[in-house]
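Below, each chain spelled out in residue letters.
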Amino acid sequence: MYNQYFHFSELPFSIATDPHFVYMSPRHQEGLAHLLYGINFGGGFVALTGEVGTGKTTLCHCLLQKIPENIDIALILNPKLNAVELLATICDELGISYDKNQHSLKNLIDLLNQHLLTGHANGRRTVLLIDEAQNLSMEVLEQIRLLTNLETNKTKLLQIILVGQPELKESLKRQDLRQLNQRITARYHLLPLSLNETRAYIRHRLTVCNGRPDIFKESAIRKIYQLSSGIPRMINILCDRALLGAYSTNTHVITPAIVSAAAHETLAFTDKKFPYQAALFGLLFLGCIAAGVYFRMVWPKASHQTAINFTKTSPVIQTKSEIISQLLPPVQKEPLLIETFNTAAVAKTKTFHDWINNPDYSLNAALIGTLTLWDKSIPESNQVDCHYVETTGLRCAFGKANWKDMLAINHPAILEFSLAGEEKFYALLTGFGQNQSVIHFKDNTTFPVADALKYWDGYYLILEPPPIPDVKMIRPRETSEHVLWLRHLLNSIDRKTEAVEQPRFYDDKLVARVMNFQHQHQLPEDGKVGEKTMFHLKNIAQALNLPHLEITD
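Residues numbered from 1 in each chain as written. Predicted model: local features only at pLDDT ≥ 70, side-chain atom pairs only at ≥ 80, totals over all residues. Heavy atoms only, no water.

Participant: Where do I start with the packing of helix α10 (residues 218-228) against helix α11 (residues 232-248) in this structure?
Facilitator: The axes of two packed helices give the description: the angle between them and the distance between them. Contact pair α10 / α11: the axes reach a minimum separation of 9 Å and the direction vectors enclose 130°. Taken together, the axis directions place α10 and α11 in an arrangement best described as oblique. Handedness of the crossing formed by α10 with α11: right-handed. Residue-level contacts link I224, L227 and S228 of α10 to M234, I235, L238 and C239 of α11. (Axes fitted to C-alpha atoms, helices over the stretch in contact; angles between N-to-C directions. Helix = DSSP H or I, 4+ residues; strand = E, 2+ residues; numbered from the N terminus. Parallel < 35°, antiparallel > 145°, perpendicular 65-115°, else oblique. Left-handed = near helix turned anticlockwise from the far one by under 90°. Contact = heavy atoms within 4.5 Å.)

See the structure below:
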């Protein structure tokens, strides 16, 4: 209805799962990394949980687009099944033939086991992904656990990924499910978006449908974040109704008032609640007046009389952060303090825990630091995700390793650190001491390796160019990893990053860049990467100086 009014090419805030509109926030990238870990490293379970509307199903669709060719996947979207029905559905998903009129639990398991063994012998792996897994009964969960017993002497034949709401997380804590819980090798809880991520999410969807990213005023975005709590589905509902409200009132800018009106229409606010809310606020107001009178007239006398006795009998207990804040000098609004925060001198006075426990150490900040090491440009928005990384010709590579393997990779890497609770922090590893007793992070911050490894859960992310392709031809209009490699190489040669929506697609602009390269090297200018052009490109690729970990004394 409002598409033509705002000149949108399509609806920007549909609640349908459209891969075209996917916005991979750092939280979603991390969740996808856990799913990819489950795909690439067999054995046990992977559990992804999150509140309703946070994007779990969207991640599942993203995963399906990234699975390797040697993976067979059985996707269960309706888990309200009994054990026999679940096994029959798995067989249907994997194309296993069975007698639909006469089938038992044993027959289905035998057929599934034979299929898995055959696939394993042919170099294939099988993954079972169950969405809405909080609806699984205890009986079915136990049967799923037993499926992990299907194995050879060296490897599990079936990798299982459970995706569900927070109720799944609570169910797995049950005493009678402790065997299943112990087999979970990777788990991740998907949190709602932050205010900055909400802003980037809204502008991303507007940009995809050719809309103006500034349609929503900053104050309106803050209102949307407040009302939606950062849940993407609620953001979509509010934004869609706000655009409709703006259209109906002939307004081209979304204000907080329009968002509030949209919330009353979509979030089940009713006028019947108002009297109770007014009464509640009235009581609170009267309470505040009474408290004010007390503190004005009574408290000074009472506090003077009891202060000495209080300090003798009940000493004030201060938290560590309160004590530290009292010892620190008053905060000065000068850039010098910000610059000195990340220096090695300051780090030496802090434990690693205190240093990493800082919201500045986000995945977005770590990605920006890594792109800087690669001499790649940073977008004006300072918002970087793996999709943007691909526009530079690089790609995100997630993995899990031990410290020895990390050193063998020998590239700057973003390490994930887990502190108390669900919060994650990220720091860019840039080097280590010669005896490997010291670990170096960006800005020359150093800590003992043992201190940092206490909080590292083994997950890492590195940026890397795709491997040099073993092909004789890369053709225009092709979509492949080879095109991403070509784009990275030309970006490195031209020392520029050309932002594109589909970095793996050999578009007309890339054809023009290839022809320019061919012209400079006196090659046939046909825009194709044929044998002669490939020879020159590979020679340049092998001579590129890629960033490595630095070793210091």
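Further notes follow.
Participant: Sorry, what's going on with the pairing of strand β10 (residues 445-448) here?
Facilitator: Within a regular strand, side chains alternate between the sheet's two faces. Taken together, the four bridges between strand β9 (residues 438-441) and β10 define a ladder with antiparallel strand orientation. Following the sheet pairing, F441 is matched in β10 by T445. Adjacent in sequence and paired antiparallel, β9 and β10 are bridged by three residues, among which D443 carries a positive phi angle near 70°. (Pairing = 2+ DSSP bridges.)

Participant: Can you walk me through the pattern of salt bridges in this structure?
Facilitator: Opposite charge on two side chains allows them to pair when their charged atoms are near. A complete count under the given rule lists 20 salt bridges for this structure. Taking the shortest distance from any N to any O, the salt bridge between E170 and K173 comes out at 3.6 Å. Assessed through its relative accessible area of 56%, K173 is described here as exposed. Among the charged side chains, a salt-bridge network with shared partners connects E390, R395, E464, E481 and R504. (Salt bridge = Lys/Arg side-chain N within 4 Å of Asp/Glu carboxyl O. Buried < 20%, exposed > 50% of the residue type's maximum accessible area, 1.4 Å probe, protein only.)

Participant: How should I be thinking about the packing of aromatic side chains in this particular structure?
Facilitator: Note on aromatic pairs: each is described by the distance of the centres and the angle between the planes. Within the structure shown, the criterion is met by 16 aromatic pairs. Where F352 meets Y455, the ring centres are 6.1 Å apart and the plane angle is 25°; that geometry is what we call stacked. In this pair, F352 is assigned in helix α18 (residues 352-356) and Y455 in the loop between α22 (449-453) and β11 (456-464), connecting sequence segments 103 residues apart. Given a relative accessible area of 1%, F352 falls into the buried group. A relative accessible area of 25% means that Y455 is categorised as partly exposed. Here a set of aromatic residues connected by ring pairs shows up, and it is made of F352, W355, Y361, F417, F441, F447 and Y455. Against the face of Y98 rests K100, its NZ or CZ located 4.4 Å from the ring centre. (Phe/Tyr/Trp six-rings, centres within 6.5 Å; stacked < 30°, edge-to-face > 60°. Lys NZ or Arg CZ within 6 Å of the ring centre and 35° of its normal.)

Participant: Help me out: how do you make sense of the nonpolar core in this one?
Facilitator: With 34 residues, the main nonpolar core has I90, L112, L128, L147 and L162 as its most contacted residues. Mapped onto this core, the elements with two or more residues apiece are β1 (45-50), β2 (71-76), α4 (83-94), α5 (105-121), β3 (125-130), α6 (138-147) and β4 (158-164). Broken down by element, this core gets its largest block of residues, six residues, from α4. Among all residues touching L162, those that are not within four sequence positions of it are F45, V46, A47, L48, I130, A133, L136, L168 and L180. Core analysis: the next-biggest nonpolar cluster, separate from the first, contains 31 residues, Y5, F8, I202 and L267 among them. (Core = buried A, V, L, I, M, F, W, Y, C linked by side-chain atoms within 4.5 Å.)

Participant: How should I be thinking about the sheet that holds β4 in this particular structure?
Facilitator: Paired through their backbone hydrogen bonds, the strands of a sheet run either parallel or antiparallel. In space, the five strands of this open sheet follow the order β2-β3-β4-β1-β5, with parallel pairing throughout. This sheet does not close on itself; its edge strands, each paired only once, are β2 and β5 (184-190). Shown here is a sheet whose adjacent strand axes are inclined to one another by a mean of 15°, direction ignored. Pairing geometry for β2 and β3, over six bridges, is parallel. Bridge pairing in β3 places I76 opposite I130. Against the sheet, α4 touches β2 and β3, its axis set at about 135° to β2. Packed on one face of the sheet, α6 meets β1, β3 and β4 and runs near 150° to β4.

Participant: Even after reading the chapter, I still don't get the state of the cysteines, so can you show me in this structure?
Facilitator: Scanning all chains against the criterion turns up one disulfide. Among the cysteines around C60, which has no disulfide bond, C62 carries the closest sulfur, lying 9.2 Å off. (Disulfide = S-S within 2.5 Å.)

Participant: What is the right way to read the packing of helix α9 (residues 195-208) against α10 from this model?
Facilitator: Where α9 contacts α10, the two axes come as close as 10 Å, and the packing angle between them is 115°. The angle between α9 and α10 falls in the class roughly perpendicular. For the pair α9 and α10, the sense of crossing is right-handed. Counted together, L195, T198, R199, I202 and R203 of α9 and E218, I221, R222, I224 and Y225 of α10 form the full contact between these two elements.

Participant: What is the right way to look at the environment of S219 in this model?
Facilitator: Within the fold, S219 resides in helix α10. Using a relative accessible area of 25% as the deciding quantity, one classes S219 as partly exposed. Sequence separation between S219 and T255 is 36 residues, and the spatial gap between their C-alpha atoms is 7.0 Å.

Participant: Looking at this model, I keep getting lost on α9. Mind explaining?
Facilitator: Given 3.6 residues per turn, any residue in an α-helix points the same way as the ones three and four places further on. Compared with the 20 Å implied by 1.5 Å per residue over 14 residues, the 20 Å span of α9 between its first and last C-alpha is a close match. Looking at the buried side of α9, the elements it contacts are α2 (26-40), α10 and α11. Within two residues after α9, N210 carries a phi angle of roughly 65°, on the positive side. (Expected span 1.5 Å × (residues − 1).)

Participant: Would you mind showing me how to read the side chain of S228 here?
Facilitator: Tracing the sequence through the fold places S228 in helix α10. Of note is the side chain of S228, whose polar atom sits 2.7 Å from the backbone oxygen of I224. What S228 contacts, discounting residues up to four positions off in sequence, is M234, I235 and L238. (Polar contact = N/O pair within 3.5 Å; in protein donor to acceptor, adjacent residues only side chain to side chain.)

Participant: Explain the side chain of K56 here, please?
Facilitator: Here K56 is to be found in helix α3 (residues 56-66). One buried charge, K56, has no salt-bridge partner; the nearest side chain with opposite charge is E132, at 5.9 Å. A distance of 3.1 Å separates the side chain of K56 from the backbone oxygen of E51, its partner in a polar contact. Apart from residues lying up to four places away in sequence, K56 is in contact with L48, T49, G50, E51, V163, G164, Q165 and L190. (Lys, Arg positive; Asp, Glu negative; His and termini not counted.)

Participant: Teacher, can you tell me more about the pairing of β4 here?
Facilitator: The buried count for β4 comes to seven of seven residues, which makes it a mostly enclosed element. Side chains L158, I160, L162 and G164 of β4 all project onto a buried face; the interleaved residues Q159, I161 and V163 project onto the opposite face, where all are buried too. You can see the chain leave β3, run along α6 and come back into β4, and the turn it takes is right-handed. (Right-handed = clockwise from strand over helix to strand, strands pointing away.)

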